[in-house]
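An overview of the molecular structure
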Amino acid sequence: MSATKTEVPWYNQRPGQMRSSAHDEDEGSHDRVYAGRTTVAMTVKERIETLAKPKLSRSTLSYGPSLSWGNQQTMWELSNAAKNTEPSERILLLAQPKRNLSTQEDLKPQWEYSCGRQSPIIQPSGAARKAVNTGRIDQLAQPKNHHRNYTENRPMYEFSCGRSSPVEGPTQNAKTAAERERTNQLAQPKKVHPEHQASREVQTIPTQAARNTRPTERLEQLAEAKKRPDGPFREPEWPVSKKAMKAQSTERTRELARSKGLVEGFQGNRNVMWNVSKSAKQAVATRRVEELSVPIQRESMDHVQFNPDVFNVSETAKKAKCSARIEELAQPISRK
């Protein structure tokens, strides 16, 4: 006996690899070539079994080591040679920390007066306090003088937009002026309306008459709590009278008790699972069905992304002419 050849599943085969089986040897291979690639023919049963297999979850695939960011753990384990090796001069130079320029006295002015930082107020030295000003410094320290034709407009300056009115002392004429009746009237504070009622306090004090009064008989009756007897109020089972047993329902009651029927021609829901007929089990797929059931094998994105001409349109497609039916379907719908 000859050794049997191990069959490779179609989903593990490479493009161009042929499938061999006893069925192929008897009936011939059904492999087809589409767009220069060899596809493996399958029976309907094999196709159904392939489609019935669950899709692999990418979360279970391993693309590298499991990393946890934010710690000092390395991506790969360091070898003993890497742990025991001596660093070179360049590595030691790169491992030096960056200089802190804010702590060096020689670079302090550059750090303090650089762009984006405010100028600090530095205490003057003793030599600066005892120094004598030059003529140029005294000239620059003089305030700017007004023009000789300048006229001060004090009201506009004091009462202009954005400036508050200054509080000035009253003049001597205002102090010695006589009082007027209108001035005294305006100086009076605003009076409260004669019908004004102040807000009532939250807590009121009951009067002595309310404390000494006695409620009427009706008030005492209403003040009593409602009496609720303890249950159960009725037994769950009670005897039915003979009249009720011998009573007959009216025609109207029977009409109302009749259940609502289904519409004529109504078909109930089909069961989710049903038995496959014997003829369907023994049916043989045609050659066309087998050809249509062959899956299209496309290259994975891992290989396509490195092909620069993957999205280029061929010259044949550029020179192709569409049929009359395609032109008819390509026309936009005219809506009034």
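Residues numbered from 1 in each chain as written. Predicted model: local features only at pLDDT ≥ 70, side-chain atom pairs only at ≥ 80, totals over all residues. Heavy atoms only, no water.

Quick notes on the overall build of the protein chain
- Summing up its helical and strand segments, the protein chain has 19 helices and two strands in all.
- Looking at the protein chain as a whole, 6% of its 336 residues are labelled buried.
- Within the protein chain, residue pairs in contact and separated by at least 24 positions form 40% of the contacts whose partners lie at least 6 positions apart.
- Element-wise, carbon and sulfur atoms account for 54% of the exposed surface of the protein chain, whose accessible area totals about 35,300 Å². (Helix = DSSP H or I, 4+ residues; strand = E, 2+ residues; numbered from the N terminus. Buried < 20%, exposed > 50% of the residue type's maximum accessible area, 1.4 Å probe, protein only. Contact = heavy atoms within 4.5 Å. Areas by Shrake-Rupley, 256 points an atom, 1.4 Å probe, with all protein chains shown as cover.)

With respect to the pattern of salt bridges
- For the coordinates displayed, the defined rule picks out four salt bridges.
- Among the salt bridges present, the one from arginine 252 reaches glutamate 255, with a minimum N-O distance of 3.6 Å. Linking arginine 252 with glutamate 255, this pair stays in helix α14 (residues 251–257), spanning three residues, or about one helical turn.
- Using a relative accessible area of 42% as the deciding quantity, one classes glutamate 255 as partly exposed.
- The salt bridge partner of glutamate 328 is arginine 325, with a shortest N-O separation of 3.4 Å. In this pair, glutamate 328 and arginine 325 are both assigned in helix α19 (residues 324–330), three residues apart and thus about one turn of the helix distant.
- On the basis of relative accessible area, glutamate 328 is assigned to the exposed category, the value being 52%.
- With relative accessibility at 49%, the residue arginine 325 sits in the partly exposed group. (Salt bridge = Lys/Arg side-chain N within 4 Å of Asp/Glu carboxyl O.)

So, the packing of aromatic side chains
- The final tally for this structure, using the stated rule, is zero aromatic pairs.
- A cation sits over an aromatic face here: arginine 270 above tryptophan 274, 3.9 Å from the ring centre. (Phe/Tyr/Trp six-rings, centres within 6.5 Å; stacked < 30°, edge-to-face > 60°. Lys NZ or Arg CZ within 6 Å of the ring centre and 35° of its normal.)

Here's the deal with the side chain of threonine 50
- By secondary structure assignment, the location of threonine 50 is in helix α2 (residues 44–52).
- Residue classification places threonine 50 among the buried residues on the basis of a relative accessible area of 17%.
- Separated by 2.7 Å, the side chain of threonine 50 and the backbone oxygen of glutamate 46 make a polar contact. (Polar contact = N/O pair within 3.5 Å; in protein donor to acceptor, adjacent residues only side chain to side chain.)

Comments concerning the environment of proline 295
- Looking at where proline 295 falls in the secondary structure, it is placed in the loop between α16 (287–293) and α17 (301–304).
- Taking the relative accessible area as the measure of exposure, proline 295 reaches 13% and is therefore buried.
- Spatially, the C-alpha atoms of proline 295 and methionine 42 are 8.9 Å apart, while their sequence positions differ by 253 residues.

Re the environment of glutamate 291
- Structurally, glutamate 291 is set in helix α16.
- Each C-alpha atom of the pair glutamate 291 and threonine 43 lies 9.2 Å from the other, and the pair is 248 residues apart in sequence.

Considering the confidence of the model for the protein chain
- Overall, the prediction assigns the protein chain a mean pLDDT of 78, with 74% of residues at 70 or greater.
- For the protein chain, helix α1 (residues 22–27) is the element with the lowest average pLDDT, namely 43, and α14 is the one with the highest, namely 93.
- Here residues 1–5 scores under 50 on pLDDT; set against residues more than four positions off or in separate chains, the count is one contact.
- Note on residues 15–36: pLDDT under 50 across the span, and 32 contacts to partners over four residues away in sequence or across chains. (pLDDT = per-residue confidence, 0-100.)

Some remarks on a nonpolar patch on the surface
- On the surface, Leu67, Trp69, Met75 and Trp76 cluster together to form a nonpolar patch covering roughly 540 Å² of accessible area.
- Assignment of secondary structure puts leucine 67 in the loop between α2 and α3 (80–84).
- Since its relative accessible area comes to 31%, leucine 67 is described here as partly exposed. (Patch = residues over 30% accessible without salt bridge, like charges linked within 9 Å, V, L, I, M, F, W, Y side chains within 5 Å.)

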